[in-house]
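Structure assessment
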Amino acid sequence: MISVFVPSHITGFFSILDNEDPLLKGSLGAGVLLDKGVITEMDENDEFSILINGKKDEYNEVIILKTIELMEKDIEFDMDNVLIKQTIQVPIGCGFGTSASSAIGTAICINEHFDLGLSIEECGKYAHLAEVELGTGLGDVIGELSKGIVLRTKPGAPGYGEAKSIVPHEKTGFGVFEVLKSDFYVITKSLGEISTASIIEDPKHKKVITQVGLEIGEEFNKKDDGIVIGSKFKNKFNVAVDSEFNEEETIKKFMNASLKFAKKTHLINDELLQIVHELHGKVLGSSMAMLGNTVFAIANEDQKLKLEAKYYNEFEFYKMDTEGICIMSHD
């Protein structure tokens, strides 16, 4: 049996970049990965069957079937005697990128089960095509192939678009490679579902999102505030010093940009804003998950412990994922 874990991904801000070629269509922006997501398992069976969270789920299996269909156009394999089981560990339709996690997990399981010899990037390409065709997402796939907080710098499928982790910061020098393993936590509260397709396929929404998203993205990438995104921290003499890189400042900058985006696009509602205000000063920052009726915040360990003590039943607590996709094979 093959088992694949794909982290979930919450987008903070984004802009839509259309293209007639679905491999080049996608989004720019930034998001954060969670240590809970979708676990996909594939095994031999008497017939082809899909179970999601232990039961038949015709609505949520559509992304799995679409991924299979797209792979079968290019590659020969037989799904007649295969069981696909998915465990979705986060709320569905609430801005956690579960359709992308589901599609990536499906593609990787098929690749491993049938020994197709595809790279994870190539599996991601099919997942991206499935997302674009169904209108369920634009940038989650390329984001979920990364770690931590991810900045999407070029739209498109894996291998076509580009993304980079900006937290954890990868520190290199003098032949040493080190990832700063700070513990950060993602705290969420979901109030319901939003259809991603209803937003990203609506011309009015698309125009506003893209205009605001590009502005916020440009501002986020500016290097004049002491934080050099994805690089080093500048000291007061304007010299980049690697050891002074400050992950918390980058997280605050990401969360501030996300909240500004949510407000300027008018996507955030009063109920979510009230929760954001309630969390102010208790976390590194909070905003709305794009696209879901969900508040998300990022906190350091001390903040997380205080919040857990006070709001244990009100919020969900996750660790920011820094491990990435995990593939396991069981006999």
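Look up: the structure comes first, before these words.
Residues numbered from 1 in each chain as written. Predicted model: local features only at pLDDT ≥ 70, side-chain atom pairs only at ≥ 80, totals over all residues. Heavy atoms only, no water.

A closer look at the nonpolar core
Judged by nonpolar contacts, the single largest core of 56 residues is most densely connected at Val32, Ile149, Phe254, Phe261 and Ile298. With seven residues, helix α7 (residues 247-264) is the largest single contributor of residues to this core. Isoleucine 149 has contacts with Gly31, Val32, Lys164, Ser165, Ile166, Val167, Ile251, Phe254, Ile298 and Met320, leaving out every residue within four places of it along the chain. With 35 residues, the next largest nonpolar core counts Met42, Ile75, Ile84 and Ile88 among its residues. (Core = buried A, V, L, I, M, F, W, Y, C linked by side-chain atoms within 4.5 Å. Buried < 20%, exposed > 50% of the residue type's maximum accessible area, 1.4 Å probe, protein only. Helix = DSSP H or I, 4+ residues; strand = E, 2+ residues; numbered from the N terminus. Contact = heavy atoms within 4.5 Å.)

A word on a negative patch on the surface
Taken together, the side chains of Glu72, Glu76, Asp78 and Asp80 make up a negatively charged region of the molecular surface. Locating aspartate 80 in the fold gives a position in the loop between α1 (62-74) and β4 (82-88). The exposed category is assigned to aspartate 80, whose relative accessible area is 51%. (Patch = residues over 30% accessible without salt bridge, like charges linked within 9 Å, V, L, I, M, F, W, Y side chains within 5 Å. Areas by Shrake-Rupley, 256 points an atom, 1.4 Å probe, with all protein chains shown as cover. Salt bridge = Lys/Arg side-chain N within 4 Å of Asp/Glu carboxyl O. Lys, Arg positive; Asp, Glu negative; His and termini not counted. Charge placed at Lys NZ, Arg CZ, Asp CG, Glu CD.)

Topic: the layout of surface pockets
Quantified by volume, the largest pocket comes out at close to 720 Å³. Every residue lining the largest pocket is counted, 35 residues in all, and those nearest its centre are Gly93, Thr98, Ser99, Thr136 and Thr196. Elements with a contribution of two residues or more to the lining of the largest pocket: β1 (2-17), α1, β4, α2 (98-113) and α5 (196-200). Across the lining of the largest pocket, the residue classes tally to 15 nonpolar, 17 polar and three charged. Of the volumes computed, that of the second largest pocket is approximately 200 Å³. In this structure, the second largest pocket is lined by 13 residues; those nearest its centre are Asn256, Leu259, His280, Gly285 and Ser286. Where the lining of the second largest pocket is concerned, the elements lending two or more residues are α7, α8 (270-279) and β12 (285-288). In terms of residue count, α7 provides more of the lining of the second largest pocket than any other element does, four residues in total. (1 Å grid on protein atoms, 1.4 Å probe; cavity = no way out; pocket = protein on both sides within 12 Å on 5 of 7 lines; lining within 4 Å. Points joined across faces, edges and corners; volume = space filled by probe spheres on them. Nonpolar A, V, L, I, M, F, W, Y, C, P; charged D, E, K, R; others polar.)

A look at the packing of aromatic side chains
With the rule as written, the count across this model stands at seven aromatic pairs. Ring plane angle 65° and centroid distance 5.3 Å describe the contact between phenylalanine 13 and phenylalanine 220, whose orientation is recorded as edge-to-face. Note that phenylalanine 13 is positioned in strand β1 and phenylalanine 220 in helix α6 (residues 203-220), a separation of 207 residues in sequence. With respect to burial, phenylalanine 13 and phenylalanine 220 carry one shared label: buried. (Phe/Tyr/Trp six-rings, centres within 6.5 Å; stacked < 30°, edge-to-face > 60°.)

Considerations on the sheet that holds strand β9 (residues 184-190)
Spatial strand order, β12-β13-β9-β14: four strands in an open sheet with antiparallel pairing. Both edges of this open sheet fall to β12 and β14 (316-319), since each of them pairs with a single strand only. Strand-to-strand, the axes of this sheet are offset by a mean angle of 25°, without reference to chain direction. Where β9 and strand β13 (residues 294-300) come together, seven bridges link them in antiparallel fashion. Note on β13: the bridge partner recorded for phenylalanine 184 is asparagine 300. Those strands touched by α8 are β9, β12 and β13, and its axis lies near 15° from that of β13. In the packing of helix α9 (residues 301-311) onto the sheet, contacts are made with β9, β13 and β14, and the angle to β13 comes to roughly 130°. (Pairing = 2+ DSSP bridges. Axes fitted to C-alpha atoms, helices over the stretch in contact; angles between N-to-C directions.)

Remarks on the packing of α6 against α7
Put simply, α6 and α7 touch, their axes get as near as 10 Å, and they point 160° apart. Regarding the angle of α6 to α7, the classification is roughly antiparallel. Of the two elements, α6 crosses α7, and the hand of that crossing is right-handed. In this structure, α6 contributes Ile209, Val212, Gly213, Glu215, Ile216, Glu219 and Phe220 to the contact, and α7 contributes Lys253, Phe254, Ala257, Lys260, Phe261 and Lys264. (Parallel < 35°, antiparallel > 145°, perpendicular 65-115°, else oblique. Left-handed = near helix turned anticlockwise from the far one by under 90°.)

A short note on unusual backbone geometry
Trans peptide bonds make up the majority, and among non-glycine residues the majority have a negative phi. The residue after valine 167, namely proline 168, is reached through a cis peptide bond having omega 0°. Residues methionine 290 and leucine 291 are joined by a peptide bond in cis, for which omega reads 10°. By the secondary structure assignment, leucine 291 is in the loop between β12 and β13. One non-glycine residue, histidine 266, lies in the positive phi region at around 60°.

Structural notes on the pairing of strand β2 (residues 26-44)
The sheet contact formed by β1 and β2 spans 14 bridges and is antiparallel. Residue isoleucine 16 lies in a different strand from β2, and its bridge partner there is serine 27. Two strands pair when backbone bridges link them, and β2 and β4 are joined in this way by seven bridges, in the antiparallel orientation. In the sheet register, aspartate 43 faces β4, and the bridge partner there is leucine 83.

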